[in-house]
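# Observations on the model geometry
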Amino acid sequence: MATPTDAQSARAEFLRFRQPAEARRAKLAAFNRRPEISWFGFEGRFGDPALAEILVSRVQEGLLGGGGVAALNGGAIAAGFDAAFVLAGLGHFDSDVVVTLELSAHFLSLARADRPLAFRAGVTRSSRAFAFAQGTLAPIGGGAAFATATAMLAPAAGGRL
């Protein structure tokens, strides 16, 4: 299965969220209050009925790689994909806690942070016990993807920590 390169092509492949809009709003508010989301400068949102987005709303120096280029480092990219996949899973599972069981990132080019960036993710296959997801990191407003990723997600046992 090809990894989508932008939100437009992704919509056709992603499953619509199972959770109703009101439940997603509550989960999104809790997600955005999480300390690690704030620390990374991320902000989550549900972009449409099938797409979770993590906006890089604040680029701090610790997110940038070395080498003299203002680009996100690989660890920050992996964290952004993890956040996007968890948020996508929250839109599907009747659980307040979703975990990433497996994540594979593919770095395509330097993720230049000189313009706003967004991680976009959606679930491609799902059951009650787990889901598969795909995502991209690209500039907001269009442009080639800097990275793509796939993941396997699951709701936490009992639904709460």
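Calculation notes
- Residues numbered from 1 in each chain as written.
- Predicted model: local features only at pLDDT ≥ 70, side-chain atom pairs only at ≥ 80, totals over all residues.
- Heavy atoms only, no water.
- Phe/Tyr/Trp six-rings, centres within 6.5 Å; stacked < 30°, edge-to-face > 60°.
- Helix = DSSP H or I, 4+ residues; strand = E, 2+ residues; numbered from the N terminus.
- Buried < 20%, exposed > 50% of the residue type's maximum accessible area, 1.4 Å probe, protein only.
- Lys NZ or Arg CZ within 6 Å of the ring centre and 35° of its normal.
- Polar contact = N/O pair within 3.5 Å; in protein donor to acceptor, adjacent residues only side chain to side chain.
- Pairing = 2+ DSSP bridges.
- Axes fitted to C-alpha atoms, helices over the stretch in contact; angles between N-to-C directions.
- Parallel < 35°, antiparallel > 145°, perpendicular 65-115°, else oblique.
- Left-handed = near helix turned anticlockwise from the far one by under 90°.
- Contact = heavy atoms within 4.5 Å.
- Nonpolar A, V, L, I, M, F, W, Y, C, P; charged D, E, K, R; others polar.

### A short note on the packing of aromatic side chains
- In total, this model carries 7 aromatic pairs according to the counting rule given.
- Ring centres of Phe 17 and Phe 46 lie 5.0 Å apart, and the angle between their planes is 70°; on these two criteria the pair is classed as edge-to-face. Residue Phe 17 is located in the loop between α1 (7-13) and α2 (21-32), and its partner Phe 46 is located in strand β1 (residues 42-48); the two are separated by 29 residues in the primary sequence.
- Taking relative accessible area as the criterion, Phe 17 reaches 9% and is therefore assigned buried.
- Owing to a relative accessible area of 18%, Phe 46 belongs among the buried residues under this scheme.
- Aromatic ring contacts, followed pair by pair, group Trp 39, Phe 40, Phe 42, Phe 81, Phe 85 and Phe 119 into a single cluster.
- The ring of Phe 46 has Arg 24 lying over it, and the distance from NZ or CZ to the ring centre is 5.8 Å.

### A short note on the side chain of Arg 120
- Positionally, Arg 120 belongs in strand β4 (residues 117-126).
- Among the residues examined, Arg 120 registers a relative accessible area of 12% and is labelled buried.
- For Arg 120, the side chain forms a polar contact with the side chain of Glu 53, separated by 3.0 Å.

### Let's talk about the sheet that holds strand β3 (residues 98-107)
- An order of β1-β2-β4-β5-β6-β3 is seen for the 6 strands of this open sheet, with the pairing classed as antiparallel. With partners counted over all chains shown, the strands left at the sheet margins are β1 and β3, one partner each. Geometrically, the sheet is characterised by an average inter-axis angle of 25° between neighbouring strands, direction not taken into account.
- Bridge count between β3 and strand β6 (residues 147-155): 9 bridges; the pairing is antiparallel. For His 106, the partnering residue across the bridge sits in β6 and is Thr 148.

### Focus on the packing of α2 against helix α4 (residues 74-90)
- Two numbers describe how α2 lies on α4: the axes approach to 10 Å, and their chain directions differ by 155°. By the angle class used here, α2 and α4 are roughly antiparallel. The handedness of the crossing between α2 and α4 is right-handed. Contacts between α2 and α4 involve Lys 27, Leu 28 and Phe 31 from the first element and Ala 83, Val 86, Leu 87 and Leu 90 from the second.
- For the contact of α2 with α4, the per-class residue count stands at 6 nonpolar, no polar and 1 charged.

Note that all results are geometric; they support no functional claim without further evidence.
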